[in-house]
Amino acid sequence: MKYQIISDGSCDLSLEFAKEKGLEIVPFYVSFDGENYYKEGLEVDHFEFYNKMIEEHVYPKTSLPSVQDYVDVFTKYAADSIPMICICITTKFSGSYQSACNAKEIVLEKYPSAVITVIDSMVNTVLQGLFVQEALRMQADGVSYENAIVHLERIKTTGRIIFTISSMDYLKKGGRMGKLLTFASDTLGIKPLIVLKEGEIFPAGITRSREKSKKKLIDIAQDHFKKIGENPSIYSFAVGTGIDFDEAEKFKDMVEEGLGIKVPTIGRIGVTIGTHTGPHPIGMGFIKRYDA
């Protein structure tokens, strides 16, 4: 049965990729002045976003896709009787999932036979991108709509992001400190190690230098796979960065050597998460492949 994959913009997949794969992306919004909001990828690009952070020292704000944004997309496919799977950023970070659920109810009033499944991915950014790509891979492999949903619900808890940032200023400004409050002050020059799992971020240690922090990220990933008793080779990986692709290329080599895998993707962390990490996050995301 033909079905449509939809994701909110937190998946950080390019519009070119989406067009090639037939993916529908519902973008987030970003504001630099708290008043005017622009659609990510359509009205503001990543370079402009990070450039304003670095050169103008602004702390951007994001806004989730509106209910109407989702209604517009869902209606398009409901009118053609095409079932939909809509993948949203973890509900711990955004109300995007609720917007999609509300939109689903509105569309069902006009198209009561529409088939719409909204999934809380429990992930975000490049990891959400990997999750969406698994959905697209299932679609291409001829996996049925019902089985695709079962697989997606099963694998989403296997996802992890392990990363570090250069400064906690943006986390503080964005109100994302939470469990990370155990970290010492930035004045000590520490580099926090952070893990996203089960939809939330958790502290995973500190180091005194950027290079040490990157090596420690590899150690954390190695320990994770030892603990769960699985081979990293049955997982899909991506390296995520803000603005420094040269650093990301070198880190990708470190990940491949340390875990004995290939990392096909370096993803740019978009506005939804970049607002909280600042322009210099670096890390990896991985999730179990549906057919592993």
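The notes below deal with the structure included here. One numbering rule holds for all chains: residues counted from 1, following each sequence as written. In view of the model being predicted, local features appear only for residues whose pLDDT reaches at least 70, and side-chain atom pairs are presented and counted only at 80 or more, with totals across whole chains, interfaces and linings using the full set of residues. Values shown for side chains rest on all heavy atoms present in the structure; no hydrogens or waters enter the calculation.

## Structural notes on the packing of aromatic side chains
The cut-off we apply is this: For Phe, Tyr and Trp, where Trp contributes only its six-membered ring, two rings pair if their centres lie within 6.5 Å, and the inter-plane angle classes them as stacked under 30 degrees, edge-to-face over 60, or tilted in between. Secondary structure elements follow DSSP: runs of H or I of four or more residues count as helices, runs of E of two or more count as strands, with numbering from the N terminus. Residue exposure (1.4 Å probe, protein chains only): buried if accessible area is under 20% of the type maximum, exposed if over 50%, otherwise partly exposed. Whether a charge lies above a ring is judged from NZ of Lys or CZ of Arg, which has to be within 6 Å of the ring centre and within 35 degrees of the ring normal.
Under the defined criterion, the tally for this structure stands at nine aromatic pairs. Plain terms: the ring middles of Tyr3 and Tyr145 are 5.6 Å apart, the flat faces sit at 75° to each other, and that makes the pair edge-to-face. Highlighted residues: Tyr3 in the segment before β1 (4-8) and Tyr145 in helix α6 (residues 145-155), separated in sequence by 142 residues. Both residues of the pair, Tyr3 and Tyr145, count as buried. Centroid distance Tyr235 to Phe286: 6.0 Å. Interplanar angle 75°. Geometry classified as edge-to-face. One end of the pair, Tyr235, is in strand β11 (residues 235-241); the other, Phe286, is in strand β13 (residues 282-288), and 51 residues separate them in sequence. Grouping residues by exposure puts Tyr235 and Phe286 together as buried. In this structure an aromatic cluster arises from ring pairing among Phe225, Tyr235, Phe237 and Phe286. The positively charged end of Lys52 is found above the aromatic ring belonging to Phe32, 5.2 Å away from the centroid. It is Lys197 that lies over the ring of Phe202; its NZ or CZ is 5.4 Å from the centre.

## Overview of the side chain of Ser31
Our working rule: For this analysis, a polar contact is any N or O atom pair within 3.5 Å, provided that within protein one partner can donate a hydrogen and the other can accept it, and provided that sequence-adjacent residues contribute only side-chain to side-chain pairs. In this analysis, two residues are considered to be in contact whenever any of their non-hydrogen atoms come within 4.5 Å of each other.
In this fold, Ser31 is placed in strand β3 (residues 29-31). Engagement of the side chain of Ser31 in a polar contact is seen with the backbone oxygen of Asn36, the distance being 2.9 Å. Here Ser31 is in contact with Asn36, Tyr37, Pro60 and Lys61, once residues within four sequence places are set aside.

## Looking at the sheet that holds β3
Applicable threshold: Between any two strands, pairing holds if DSSP finds at least two bridges. Angles here are taken between N-to-C directions and fall from 0 to 180 degrees, while the axes themselves are lines fitted to C-alpha atoms, restricted in helices to the stretch in contact.
Taken together, three strands build an open sheet; the order of strands is β4-β3-β5 and the sheet is antiparallel. Across the chains shown, the open sheet's two edge strands, defined by having one partner strand only, are β4 (37-39) and β5 (61-63). Ignoring which end each strand starts from, the neighbouring axes of this sheet average 35° apart. Judged from the three bridges that link them, β3 and β5 form a sheet pairing that is antiparallel.

## Describing empty space enclosed by the protein
In plain terms, the rule: The pocket and cavity definitions rest on a 1 Å grid over protein atoms only: a 1.4 Å probe that fits but cannot leave marks a cavity, an open set with protein on both sides within 12 Å along at least five of seven lines marks a pocket, and residues lining either have an atom within 4 Å of a point. Grid points are joined across faces, edges and corners, and a volume is the space filled by probe spheres set on the points. Side-chain classes are defined by residue name, with Ala, Val, Leu, Ile, Met, Phe, Trp, Tyr, Cys and Pro counting as nonpolar, Asp, Glu, Lys and Arg as charged, and the others, Gly among them, as polar.
Per the counting criterion, the structure on display carries one cavity of 30 Å³ or more. The computed volume of the largest cavity comes to approximately 180 Å³. Together, 19 residues line the largest cavity, and Thr125, Ile161, Phe163, Ile273 and Thr277 are the ones closest to its centre. Elements with a minimum of two residues in the lining of the largest cavity: α5 (125-141), β8 (160-164), α10 (271-277) and β13. Residue classes in the lining of the largest cavity are distributed as eleven nonpolar, seven polar and one charged.

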